[in-house]
Structure formats: structure tokens, C-alpha cells
Amino acid sequence: MFLQRAREHNVKAAVNTAANSVLGRIVNRLFKKHNIPLINIVRREAKAQQLREEGAEYVLVSSEQNFDQQFQELAQKLGVNVIFDCIGGGFFSRLLKLAPQGTIQFIYGSIDGLETQLDLGQLFLNKQLASLSVFQWSASLSDEQRKRIYEEISDQIDTTFKVNVFRTFNLNQFDEAIKVYSENKSKEDSIDGKIVIYTCLLYT
């Protein structure tokens, strides 16, 4: 989905927020595989270091004092024209203001909330806004396209599309899964991967 949308807009270089998430790391590996420069944005240096160790070339920390200057300079240098943002809130409009002219900014999440204030003048700089929904994208695919994508993911499930799993639970352990998530989500670097709840009962 990310790669297809980027290519539809003749991507030169792209930006990915929440880049150390499971999805963010997949996007980084995917764009690297296809030789598309990607600026990965995270909130903490510890997360940035993890990405660098995985081979990410461009990583910026949004909490650093000089982030805006770093981002603008690197975005201009690489020719960024596509942004994928799942943070939302004030950071969404902040990125839009910092982005080079001619950039399209996709929103696919809202970690910091759905409400934001936009500088409408940015739209007169040939900047565009668009939503990115896996459900709408999937519905637009033909059977042949779905088959091809499934085969590609299956072939690279242990590499490009690898997903780290933190813990797995049966459906009848739902309450325990929620408790584990709640107890760990606020701790620094405590969850490295997904908590998976199987929708059918597993017996061992």
C-alpha cells in the first residue's frame, strides 16, 4: 500500500513517522529494498538507535531541539515529496509546514488525536493532503493484484515483512492480554512487537 501510493506520486524520497513501530520498520525495509530514500522519524534517541542498527540510513528524533531545521535540510537534500504520518494532531500540521513544495502528505493514524490546526497557506505551495486506508486500498485491488501481493508477502515473511511478536494469547485470555498491554505500554522500550490474540481457541 505505501509503496504503491508513493510510486503513484512519482516518489523521489519519502518520510515515515512512528518509524520504530512494527509497521514503521516494515516500511523502512520495503523502501530500502526498492532503493527509495526514507526519512524515519521517532520520538526518542533509543528508538532511533534501534532503527540505525537495523540498517535505516536516515533517522531523526522529533523531540530534539533542532529537529525542524534537521528535517527541512534533509528533506530538501533528498527531494522528499511523499510523507506518511500516523501521529496526527499538531505534529501533522508541523510536518506539512516543514515539507518541501509539491509534497503529498498521507494520514493513516492519529496517535496524538484527530484535531489539528492547518496553515491553509501551505496548500498554495502545491502541497496536498490525503487519507490512507488499508480497507479502501484492499477493496480497490483486483483478484490478480491481491494474489500477487499475497505471494510477495509470503516470500518475504521472514525478511522484509517480518513481524516481531511480544506475546500471544487465546481468545479466552482476552482480559489477560489487555492487562499485559496496559501494564507495558507506558514503560520505556518494554514492548518490542505485537501482542496477538487468536480468534480461535488454541489448546496445548
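Predicted model only: the values in this text are computed from it and were never measured.

Reading the values: rules and limits
Residues numbered from 1 in each chain as written. Predicted model: local features only at pLDDT ≥ 70, side-chain atom pairs only at ≥ 80, totals over all residues. Heavy atoms only, no water. Helix = DSSP H or I, 4+ residues; strand = E, 2+ residues; numbered from the N terminus. Rg over C-alpha atoms; globule rule 2.2 N^0.38 Å. Buried < 20%, exposed > 50% of the residue type's maximum accessible area, 1.4 Å probe, protein only. Contact = heavy atoms within 4.5 Å. Areas by Shrake-Rupley, 256 points an atom, 1.4 Å probe, with all protein chains shown as cover. Lys, Arg positive; Asp, Glu negative; His and termini not counted. Charge placed at Lys NZ, Arg CZ, Asp CG, Glu CD. Polar contact = N/O pair within 3.5 Å; in protein donor to acceptor, adjacent residues only side chain to side chain. Pairing = 2+ DSSP bridges. Axes fitted to C-alpha atoms, helices over the stretch in contact; angles between N-to-C directions. Expected span 1.5 Å × (residues − 1). Patch = residues over 30% accessible without salt bridge, like charges linked within 9 Å, V, L, I, M, F, W, Y side chains within 5 Å. Salt bridge = Lys/Arg side-chain N within 4 Å of Asp/Glu carboxyl O. Arc of directions from axis to C-beta.

(A) Broad picture of the overall build of the protein chain. On a plain count of helices and strands, the protein chain comes out with eight helices and eight strands. In terms of C-alpha radius of gyration, the protein chain reaches 18 Å, essentially the compact-globule figure of 17 Å for 204 residues. Taken along its principal axes, the extent of the C-alpha atoms in the protein chain is 60 × 45 × 35 Å. Residues counted as buried form 37% of the 204 residues belonging to the protein chain. Sequence separation of 24 or more characterises 62% of the internal contacts of the protein chain that already satisfy a separation of 6 or more. When the accessible surface of the protein chain is summed, it comes to about 12200 Å², and 50% of that surface belongs to carbon and sulfur atoms. The average position of the 24 basic charges and that of the 24 acidic charges among the side chains of the protein chain differ by 1 Å.

(B) Summary view of the environment of Glu57. Mapped onto the elements of the fold, Glu57 is located in the loop between α3 (45–53) and β3 (58–61). Since its relative accessible area comes to 64%, Glu57 is described here as exposed. Taking the C-alpha atoms as reference points, Glu57 and Phe161, separated by 104 residues in sequence, lie 18 Å from one another. Among the polar contacts made by the side chain of Glu57, one reaches the side chain of Tyr58 at a distance of 3.3 Å.

(C) Spatial organisation of the sheet that holds strand β4 (residues 80–85). Spatial ordering of the open sheet is given by β3-β2-β1-β4-β5-β6, a layout of six strands whose pairing is parallel. Of all the strands in the sheet, the pair left with one neighbour each is β3 and β6 (128–131). Taking the axes of each pair of neighbouring strands and ignoring which way they run, one obtains an average angle of 20° across the sheet. Of the strand pairs in this sheet, strand β2 (residues 38–42) and β3 are connected by four bridges, and their pairing is parallel. Directly across from Ile39, in β3, lies its bridge partner Tyr58.

(D) Up close: helix α2 (residues 22–33). With 12 residues, α2 should reach 16 Å at 1.5 Å per residue; the first-to-last C-alpha distance of 17 Å fits that figure. Taken together, the buried positions of α2 are Val22, Gly24, Arg25, Ile26, Val27, Asn28, Leu30 and Phe31. At its buried positions, α2 is contacted by α1 (2–8), β1 (13–16), β2, α3, β4 and β8 (194–197). Asn35, located one to two residues past α2, shows a positive phi value of around 60°.

(E) Local environment of a nonpolar patch on the surface. On the surface, Leu118, Leu120, Leu123 and Leu129 cluster together into a nonpolar patch covering about 320 Å² of accessible area. For Leu123, the position within the fold is in the loop between β5 (104–107) and β6.

(F) Quick peek at the pairing of β5. Bridge analysis of β4 against β5 gives four bridges, and the strand direction is parallel. Opposite Ile83, over in β5, you have Gln105 as the bridge partner. With four bridges connecting them, β5 and β6 associate as parallel partners. By the bridge assignment, Gln105 is partnered in β6 with Leu129.

(G) Inspection of helix α4 (residues 67–78) at higher detail. Here α4 is 12 residues long and its end C-alpha atoms lie 16 Å apart, about the 16 Å a rise of 1.5 Å per residue gives. Those residues of α4 lying buried are Phe67, Phe71, Leu74, Ala75 and Leu78. Seen from one end, α4 has its buried residues packed into an arc of 100°, which puts them on one side. For α4, exposure combined with an orientation more than 90 degrees from the buried face picks out Gln69, Gln76 and Lys77. Here the buried face of α4 lies against β1, β2, β3, β4 and α5 (89–98).

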